[in-house]
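# Commentary on secondary and tertiary structure
Next come the chains, spelled out residue by residue.
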Amino acid sequence: MVALNLTVPLAVDFSSAADYFIFLINLLVCTSSFLVAGSVVLGILNKKSLRAQNRFIFMLNTSISDTLTGLGGYYTGLFDVYESYPPRNGTYLIVPSLRGVNIWTIMFAQLDRFLAVAYPYTYNRYVTRNVVIGICVFCWAYTYLFITIQYHITIEQSTRMYAYATLSFQVIVTAKVALTIKLYLIAKYQIAREPPGPERDSKKESLRLIIVVVVCFLTLWSPQLYYIIVVHATGSRYMFRNNANDPLGLLVRFTATSTPGLYIWGSPALKESVLKTVWGRVCPLLRRRRYEATRQPELCTNHRALYKEVRGHLVADERLQVPRQVWERTQPKELDNELKDLNWMATQEHVFWSCPFAKAAWGRMDNVMQLLGMGAALICQYILRGLAPTGLDKGTQFLMWLLLSLTKKGLWDARNNLIRHNIKGGANELEERILADLRRRMKRDVPKWGFPTARERWKGLWTLYRD
């Protein structure tokens, strides 16, 4: 029999059946974490449409952490390792801190879903993909900077930092619970009032998924959290010999399997990507499996596909609930998707035309419209139904509709600021923001098209251009 000379002994000595069970269960947990979380990482990286969505960036961040947790579990869960004080054969808290990355990331993911549903226009403007990536980088940097500092200071200072970290964790748990309740109320009441459609289904899916993930995450974390509180409150010591024999720690490590598993369960698009691009390479039968439910929402949420659907069917009025001609006039292809979405729902005559603030705003914009050579004054049908004066060429019609869309967006933002934050703005401020937006678009077109072509494309509005 060959004897293995291991510097670090195994977690158990295999003297009883319980030792075999403990070793096996730890092996299964770390293996499942590595396989499931790794599948999610590869599934998101292999599909561009998933990488373009902020919520999947957060999923990617937690899944990377869970994959590394699974790898680290082969050492911390199978060998005689004790990470708590006093540590024995530890990893300098490198492996346990991976769970800290998940705590921060999931909290930011909850906040992301809250802003996406409660403040969609502000969210689309400010919460870009780069912002989300920066938040994910912060989660890693903060966690490992904290433990780096902790290992380079005195024991007394380290104890203070540990107390600070414990307090911060309590605050984060409280914030998670509050956000979970808020998201549940939004999913139950606010989204229920929205008209049926793919956008509503997408919001409902993302909210349901993050709520289930957080509930399971807190459920698995709570036993060890309360145990630590009791130990510190009573001044006693931990009763477990090492990490492998700690059942509460095992529950926490199991979150590295449950969290990515819930991602796959709750997202049909991610499930298709994982089965086809990852496990489909292992089992070709999975690659041929089709998920029609995944592709149907893309038909209505992708503007190019929606254009094709409208122009290819005579029953567009029934599908869109608006006349086909009106939809085509208010959705020019060159317009920003954010403005297209606003034009889709901008049928509230009071907000966009009848109220005194709207009348003052349109009075100012009427002067800007004259730069396009429009002799007629603005009327409600121009704004809500996409009608335009006769005799205008295609380029002028687009510039007119761009001005109308920017003004409607300003009116909608002003309405939301008044209702939600009691912030009142003037029509002159709205005009300045619109003109600033136009100048930014002109400056962006100069290097793209060249100065003469850009000036020709913007026609009479070019008089607003400033270097």
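Residues numbered from 1 in each chain as written. Predicted model: local features only at pLDDT ≥ 70, side-chain atom pairs only at ≥ 80, totals over all residues. Heavy atoms only, no water.

## Considering the overall build of the protein chain
Looking only at helices and strands, the protein chain has 22 helices and zero strands in total. Counting every position in the protein chain, which comprises 467 residues, the buried fraction comes to 45%. Considering only contacts in the protein chain between residues 6 or more positions apart, those separated by 24 or more positions represent 69%. Of the roughly 25500 Å² that the protein chain leaves accessible, carbon and sulfur atoms contribute 62%. (Helix = DSSP H or I, 4+ residues; strand = E, 2+ residues; numbered from the N terminus. Buried < 20%, exposed > 50% of the residue type's maximum accessible area, 1.4 Å probe, protein only. Contact = heavy atoms within 4.5 Å. Areas by Shrake-Rupley, 256 points an atom, 1.4 Å probe, with all protein chains shown as cover.)

## Considering the packing of helix 21 (residues 427-449) against helix 22 (residues 451-458)
Contact geometry for helix 21 and helix 22: axes closest at 7 Å, N-to-C directions at 140°. With respect to their mutual orientation, helix 21 and helix 22 come out oblique. Handedness of the crossing formed by helix 21 with helix 22: right-handed. In this structure, helix 21 contributes L438, R441, M442, D445, V446 and W449 to the contact, and helix 22 contributes F451, T453, A454, R457 and W458. Its residues assigned to classes, the contact of helix 21 with helix 22 comprises seven nonpolar, one polar and three charged. (Axes fitted to C-alpha atoms, helices over the stretch in contact; angles between N-to-C directions. Parallel < 35°, antiparallel > 145°, perpendicular 65-115°, else oblique. Left-handed = near helix turned anticlockwise from the far one by under 90°. Nonpolar A, V, L, I, M, F, W, Y, C, P; charged D, E, K, R; others polar.)

## Regarding a nonpolar patch on the surface
Together, F34, L35, I64, L68, L71, W279 and V282 make up an exposed nonpolar region whose accessible area comes to about 580 Å². Elements with a minimum of two residues in the nonpolar patch: helix 1 (17-45) and helix 3 (54-76). The element that contributes the greatest number of residues to the nonpolar patch is helix 3, accounting for three residues. Checked against the element boundaries, I64 lands in helix 3. For I64, a relative accessible area of 33% translates into the label partly exposed. (Patch = residues over 30% accessible without salt bridge, like charges linked within 9 Å, V, L, I, M, F, W, Y side chains within 5 Å. Salt bridge = Lys/Arg side-chain N within 4 Å of Asp/Glu carboxyl O.)

## Some words on the environment of L262
Mapped onto the elements, L262 comes out in helix 9 (residues 247-266). When the C-alpha positions of L262 and L209 are compared, they lie 7.4 Å apart, and in sequence the two are 53 residues distant. The contact partners of L262, leaving out residues within four places of it in the chain, are L209, V212, V213 and C216.

## Quick word on helix 4 (residues 97-118)
For helix 4, built from 22 residues, the straight-helix expectation of 32 Å at 1.5 Å per residue is met to within 8% by its first-to-last C-alpha distance of 32 Å. Of all 22 residues in helix 4, 20 are buried; the element is thus mostly enclosed. (Expected span 1.5 Å × (residues − 1).)

## Topic: the pattern of salt bridges
All chains considered together, the criterion is met by nine salt bridges. One salt bridge in this structure joins R440 and D437, with 3.6 Å as the shortest N-O distance. In this pair, R440 and D437 are both assigned in helix 21, three residues apart and thus about one turn of the helix distant. Overall, D437 belongs to the buried group, its relative accessible area being 19%. Residues participating in the shared-partner salt-bridge network are K47, E272 and K276.

## What about the packing of helix 4 against helix 6 (residues 129-150)?
Two elements in contact, helix 4 and helix 6, have axes separated by 9 Å at closest approach and are oriented at 145°. Regarding helix 4 and helix 6, the two cross each other, and that crossing is right-handed. Contact with helix 4, carried on its side by S97, L98, G100, V101, W104, T105 and F108, involves I135, F138, C139, W140, Y142, T143, Y144 and I147 of helix 6 and no other residues of that element. Split by residue class, the contact of helix 4 with helix 6 holds eleven nonpolar, four polar and no charged.

## Side note on the side chain of N26
Tracing the chain through its elements places N26 in helix 1. When residues no more than four places from it in sequence are discounted, the contact partners of N26 are G77, L78, A244, L250 and R253.

## Quick look at unusual backbone geometry
Phi angles above zero are rare outside glycine, and F14 is one such case at about 55°. Exposure remark for F14: the relative accessible area of 28% places this residue in the partly exposed category. Unusually for a residue other than glycine, Y92 sits at a positive phi of about 55°. Tracing the backbone shows Y92 in the loop between helix 3 and helix 4.

## Overview of the nonpolar core
Membership of the largest hydrophobic core comes to 50 residues, with the highest contact counts inside it found for I44, M59, Y263 and L270. The set of elements that each furnish at least two residues to this core consists of helix 1, helix 3, helix 4, helix 6, helix 7 (155-190), helix 8 (198-234), helix 9 and helix 10 (268-278). Counting residues per element, this core draws most heavily on helix 4, which supplies twelve residues. Residues contacting M59, with those up to four places away along its chain left out, are I44, L209, Y263 and L270. Ranked by size, the runner-up nonpolar core spans 32 residues in total, among them M369, L404, I434 and V446. (Core = buried A, V, L, I, M, F, W, Y, C linked by side-chain atoms within 4.5 Å.)

## Some thoughts on empty space enclosed by the protein
For the coordinates displayed, the defined rule picks out two cavities of 30 Å³ or more. Quantified by volume, the largest cavity comes out at close to 130 Å³. Elements with a minimum of two residues in the lining of the largest cavity: helix 3, helix 4 and helix 8. Each residue belonging to the lining of the largest cavity can be placed in one class, and the counts come to eight nonpolar, three polar and two charged. Approximately 60 Å³ is the volume attributed to the second largest cavity. In terms of lining residues, the second largest cavity is bounded by N26, V29, C30, S33, T69, G70, G73, G77, L250 and R253. (1 Å grid on protein atoms, 1.4 Å probe; cavity = no way out; pocket = protein on both sides within 12 Å on 5 of 7 lines; lining within 4 Å. Points joined across faces, edges and corners; volume = space filled by probe spheres on them.)

## Observations regarding the packing of aromatic side chains
Under the counting rule described, the total for this entry stands at 17 aromatic pairs. Both rings, one in F114 and one in Y119, keep their centres 6.2 Å apart while their planes meet at 80°; by these two values the pair is edge-to-face. Three or more aromatic residues link up through ring pairs in this structure, and these residues are W104, F108, F138, Y142 and F146. Lying across the ring of W265, R208 places its NZ or CZ 5.4 Å from the centre. In this structure, R457 packs its charged tip against the face of W449, placed 4.2 Å from the ring centre. (Phe/Tyr/Trp six-rings, centres within 6.5 Å; stacked < 30°, edge-to-face > 60°. Lys NZ or Arg CZ within 6 Å of the ring centre and 35° of its normal.)

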